[in-house]
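# Breakdown of the fold
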Amino acid sequence: MFSNYLIGLREGLEASLVVCILVAYLVKTGRRDALRPIWTGIAVAIALALGFGCALEFGSQEMTFQAQEALGGSLSILAVGLVTWMVFWMRRTARHLKSELGAKLDAALAMGTGALVATAFLAVGREGLETALFVWASVHAAGDGSPRPLIGVALGLATAVVLGWLFYRGALRINLAKFFTWTGGMLVVVAAGVLAYGFHDLQEADWVPGLTHLAFDISDTVEPDSWYGTLLKGVFNFQPDPTVVQVTVWALYLVPVLTVFLAPVGFASGKGKGKVKEPDDQGTQPSTASPA
């Protein structure tokens, strides 16, 4: 449940920040008339994300077992790729997020209502689709049929909305650089478990060999139905009897990705100097202009 709460919080806060920046920019520049198309674009993006999640869930139920496992494994790997790109992208661009969105909004204002709707839709829609896919993959990996993963996601999104609103009103200051670094690192750990389970799905679909070749089996020590087994499964997607392929994939992803993500160098997009331009101490701060 915690891992899903983290997904909802992290992804939801990114989307909330985007909305805060867009709305605050329009309020500050006296363009309240443009708020309606912005909210329209946001609503369409949310509806698309929900529809995408429903299509993943209910569409897969009509498939054979092997087809379900193949789809689940493939989408889990895709979700891990997207979330990995997302955490690196946010770490590199958090400092300039406000100015980038402001420039896009200026161009959209000049082009008209349709461009405003598209700007809000694209800015929020990407986060929504990423969230829907990663949450589906995480819930699929949990596989216990309980509502806890979805409750965790809902609580994370609700927390993100509240934080975003407080952030917009100027009642809360968050060190976004540290927030996105810590939550990004935790999401990399969660993603490693999702990736390993994705390959297990592919093994059950007979796409990847080695289903019967276990790396170890500690089911007698860490019982899957125990409270600690459930906790490890829910947070890290831990499996007491993983295959050799699962353990190999988990290690090959987690060690290098987490090392590079937490390293102080190597993220520069500049002229080959290999140094990170770290975000400001307080991270990206949207305007705290209050709606009248």
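In case you missed it, the structure is sitting above this.
Heads up: these notes are all about the structure in this document. (Residues numbered from 1 in each chain as written. Predicted model: local features only at pLDDT ≥ 70, side-chain atom pairs only at ≥ 80, totals over all residues. Heavy atoms only, no water.)

## So, the overall build of the chain
- Along its length, the chain carries 9 helices and 0 strands.
- Start at the N end of the chain and walk to the C end: the helices and strands fall as α-α-α-α-α-α-α-α-α.
- Expressed as a percentage of its 292 residues, the buried residues of the chain come to 46%.
- Sequence separation of at least 24 residues holds for 82% of the intrachain contacts in the chain that already meet a minimum separation of 6.
- Here the chain displays about 14500 Å² of accessible surface, and carbon together with sulfur accounts for 67% of that area. (Helix = DSSP H or I, 4+ residues; strand = E, 2+ residues; numbered from the N terminus. Buried < 20%, exposed > 50% of the residue type's maximum accessible area, 1.4 Å probe, protein only. Contact = heavy atoms within 4.5 Å. Areas by Shrake-Rupley, 256 points an atom, 1.4 Å probe, with all protein chains shown as cover.)

## Some words on helix α9 (residues 244–262)
- With 19 residues, α9 extends 27 Å from end C-alpha to end C-alpha; this agrees with the ideal 27 Å at 1.5 Å per step.
- Inspection of α9 places Q246, V249, Y253, L254, V257 and F261 among the buried residues, and these make up the whole buried set. The arc enclosing the buried residues of α9, seen along the axis, measures out at 110°, which places them on a common side. α9 presents L252 and V255 as exposed residues on the side facing more than 90 degrees away from its buried surface. (Expected span 1.5 Å × (residues − 1). Arc of directions from axis to C-beta.)

## A closer look at empty space enclosed by the protein
- Counting across every chain of the model gives 1 cavity of 30 Å³ or more.
- Of the volumes computed, that of the largest cavity is approximately 40 Å³.
- Of all the elements in the fold, those that place two or more residues in the lining of the largest cavity are α3 (65–93) and α5 (113–142).
- Counting residues per element, the lining of the largest cavity draws most heavily on α3, at 4 residues.
- In terms of residue class, the lining of the largest cavity is built from 6 nonpolar, no polar and 2 charged. (1 Å grid on protein atoms, 1.4 Å probe; cavity = no way out; pocket = protein on both sides within 12 Å on 5 of 7 lines; lining within 4 Å. Points joined across faces, edges and corners; volume = space filled by probe spheres on them. Nonpolar A, V, L, I, M, F, W, Y, C, P; charged D, E, K, R; others polar.)

## Remarks on the nonpolar core
- Among the nonpolar cores identified, the biggest contains 28 residues, and V80, V87, F134, L187 and Y253 are the most heavily contacted of them.
- Contributing elements (two or more residues each) for this core: α1 (2–28), α3, α5, α7 (176–204) and α9.
- Excluding anything up to four places from it in sequence, F134 contacts I7, A79, V80, V83, L187, V190, A191 and V194.
- Listed in part, the 24 residues of the second largest apolar core include V23, L26, L105 and L116. (Core = buried A, V, L, I, M, F, W, Y, C linked by side-chain atoms within 4.5 Å.)

## Looking at the side chain of T243
- One can find T243 in the loop between α8 (227–236) and α9.
- At 2.9 Å, the side chain of T243 forms a polar contact with the side chain of Q203.
- The residues contacting T243, other than those within four sequence positions of it, are H200, Q203, G210, L211, H213, L214 and A215. (Polar contact = N/O pair within 3.5 Å; in protein donor to acceptor, adjacent residues only side chain to side chain.)

## Section: the packing of aromatic side chains
- In the structure shown here, the tally under the stated rule is 1 aromatic pair.
- With a centroid separation of 5.4 Å and an interplanar angle of 90°, the aromatic rings of F88 and F261 are classed as edge-to-face. Taken together, the positions of F88 in helix α3 and F261 in helix α9 put the pair 173 residues apart, joining distant regions of the chain. (Phe/Tyr/Trp six-rings, centres within 6.5 Å; stacked < 30°, edge-to-face > 60°.)

## Examining the environment of P149
- Note on placement: P149 falls in helix α6 (residues 148–169).
- Put simply, P149 and S138 are 11 residues apart on the chain and 8.1 Å apart in space, counted from C-alpha to C-alpha.

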